[in-house]
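Summary of the model geometry
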Amino acid sequence: MALTRFERFLGRLLRAVVWMLFAAFKLFAPQQRHGVSRLPPITNPLLLLSAMQLARKIRRKEVTSVEVVQAYIDRIQEVNPLINAMVKDRFSAALQEAAQIDKLIEEETGGEEVLEDRLPLLGVPITVKEAFALQGMPNSTGLLTRRDLVSGVDAPSVALLKRAGAIPLGVTNCSELCMWLESHNHLYGITNNPYDFERIAGGSSGGEGSILGAGASVIGVGSDIGGSIRIPCFFNGIFGHKPSTGIVSNDGQYPPASGLQMGFLCTGPMCRYAEDLIPMLSIMGGPNANKLSLSAEVDLKKLRFFSVPHNGGSHLVSPVDAQLLQAQKMVIRRLEADLGVKVQELFIPQLKYSFQIWGTMMASPGKDGKPPTTFAELMSEGGKKIWPVWELFKWLLGFSSHTIAAIGLALVELFQSSHPSPFVLQQKESLQQELEELLGTDGVLLYPSHPQISPKHHHPIFTPFNFCYTGIFNILGLPVTQCPLGLSEEGLPLGVQIVTGKLQDRLSLATALYLEKAIGGWREPGKTTAKP
């Protein structure tokens, strides 16, 4: 659907205002300084193996769990001062647990098959987003009033991974209260992108994305209510999966969802290698994973493929970067050449209203009629009530304990209508029906992960609606796999979202496995040269 002349004018005006505001912001924002321009290269070959390969080598006694855990500890200590991704470690405890696992393997008499079936991740290190409860670790979600809170239990998804033999190394940074595109808070500071320290790692699972992209972790746990798994995976060049709604438990993370948001929040795996996605999802989903038939074989040649290059030209959202459009076209060419399929390009007009749909549904009351907890109320947790306008004034004077992004979200709530727009609700229902009918049980949709390649620090403050490329699929409840597609001219990750019908997660996961082999998957940042 073509844009009207007025909509094109609004788009140009908004982009001009954004760049002027960003230029002014940079004059006052603190500048980061780094002694080096890029990460040191990986030298230990253990860091270049998938979690499944590591688990296999540990079971076969080709390498010890202690050696693997120590290799990752060394890498974290090498790169974390540059990216600020891990905010609290448990290295000593992890090494003790690894030693116990090595002893268990030595004493096991049932053979490798018994260990693989019972403990598929035995001895493999893992990292966890700080918003999740991990026993003995902080669970502040970047809120200063929760700085002394230490988890006494594990979140269910984390507990299942530990039960499968995974060894947590520590927790990683996130945005304040997990509702922003950049992982920045006044408790832990700002996380850098491993490909370019002046750029964002994404949010809210940005610390997890950064530590994985830097080759300092192999698998991790993230959560996603508007793209918080997929955006960091995109910006950091790794794989991630937002499962079908209701498969993986969301319990044990802060803040908890409320209102209708409980149906939009998803917990899922993040990793450097596509082959780790299905095993992780199988473990994290527990008995619910059976609904996905993840072990069923997928014949990609029998699937129907679609591609949507952009959301229809909403004037609220940046245009899709030309390099991302070219990367998506490259995927289409490979699919058609290698599989003999025909990828149909579509334009879906309702996607133009993705932000309005996401905002309306997120603010809607739950089935009990109660409205969701406001962002200002969440910011007030454990302290005095937050008044957004007063907090903004304090921030301008340098006295606020909250980030400008969090304050801005609280301010936006003051102007939100409590009465959903019938037009927006109609667009949501129409889009839901169209996509569910289009995808069915054998459809795969390619869609941009974000309109921009990883932006500079703080830039999302001036392009706040760009997340709607991911957020719309939380509202629709569709599973999505984020897949890396090589690097841009600046040495920054490219990528694409792979969307399928409800409970058809295995189709997007199988497509990601194929694309990893066809295009190359994760690229080590220490070997790239990003332009300033």
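Residues numbered from 1 in each chain as written. Predicted model: local features only at pLDDT ≥ 70, side-chain atom pairs only at ≥ 80, totals over all residues. Heavy atoms only, no water.

Some remarks on the overall build of the protein
Within the protein, the secondary structure is distributed over 17 helices and 15 strands. For the protein, buried positions account for 58% of its 532 residues. If you take every contact in the protein between residues at least 6 apart in sequence, the share linking residues at least 24 apart comes to 78%. Surface exposure of the protein reaches about 21,600 Å², of which carbon and sulfur atoms provide 57%. The average position of the 48 basic charges and that of the 48 acidic charges among the side chains of the protein differ by 5 Å. (Helix = DSSP H or I, 4+ residues; strand = E, 2+ residues; numbered from the N terminus. Buried < 20%, exposed > 50% of the residue type's maximum accessible area, 1.4 Å probe, protein only. Contact = heavy atoms within 4.5 Å. Areas by Shrake-Rupley, 256 points an atom, 1.4 Å probe, with all protein chains shown as cover. Lys, Arg positive; Asp, Glu negative; His and termini not counted. Charge placed at Lys NZ, Arg CZ, Asp CG, Glu CD.)

Concerning helix α14 (residues 404-414)
Listing the buried residues of α14 in full gives A405, A406, I407, A410 and L411. Contacts from the buried residues of α14 go to α12 (375-379) and α13 (388-396).

A few points about the pairing of strand β11 (residues 304-307)
Where β11 meets strand β13 (residues 443-447), four bridges bridge the pair, whose relative direction is parallel. Within β13, the residue paired with R304 across the bridge is G443. Once the chain exits β11 it traverses helix α10 (residues 322-339) before rejoining the sheet at strand β12 (residues 343-345), and the crossover so formed is right-handed. (Pairing = 2+ DSSP bridges. Right-handed = clockwise from strand over helix to strand, strands pointing away.)

Points about the environment of S318
Mapped onto the fold, S318 is located in the loop between β11 and α10. In this structure S318 comes out as buried when scored by relative accessible area, which is 13%. S318 sits 148 residues away from N466 along the chain, and the two C-alpha atoms are 6.5 Å apart. Once residues lying within four places of it in the same chain are set aside, the contact partners of S318 are P451, Q452, T463 and N466.

Focus on the UniProt feature "active site" (unreviewed entry) in the protein
Per the UniProt record, the feature "active site" (unreviewed entry) sits at K129, S204 and S228. Spanning 100 residues, the named residues nonetheless gather at one spot, since no C-alpha pair among them exceeds 10.8 Å. Of note, K129 is situated in strand β2 (residues 125-129). Discounting residues that sit within four places of it in the chain, K129 has contacts with T172, C174, C178, S204, S205, E208, V221, G222, S223 and S228. Mapping S228 onto the fold places it in the loop between β8 (219-224) and α8 (230-235). Its relative accessible area of 7% is what places S228 among the buried residues. (UniProt positions renumbered as here; feature names shortened; annotations may be inferred.)

A look at the pattern of salt bridges
Pairs can form between side chains of opposite charge whenever their charged atoms are close. Going through the model one piece at a time under the given rule, you end up with 19 salt bridges. The salt bridge partner of K456 is E198, with a shortest N-O separation of 3.0 Å. Remark: E198 occurs in strand β7 (residues 196-200) and K456 occurs in the loop between β13 and α16 (468-476); sequence separation between them is 258 residues. Looking at E198, the relative accessible area reads 44%, which means it is partly exposed. Three or more residues are tied together by salt bridges with common partners; here these are R59, R60, E112 and E116. (Salt bridge = Lys/Arg side-chain N within 4 Å of Asp/Glu carboxyl O.)

Overview of the side chain of T481
Within the secondary structure, T481 sits in strand β14 (residues 480-487). Classification of T481 by relative accessible area gives buried; the value is 0%. Of the polar contacts made by the side chain of T481, one reaches the side chain of H241; its length is 2.8 Å. A distance of 2.8 Å separates polar atoms of two side chains, one belonging to T481 and the other to S508. (Polar contact = N/O pair within 3.5 Å; in protein donor to acceptor, adjacent residues only side chain to side chain.)

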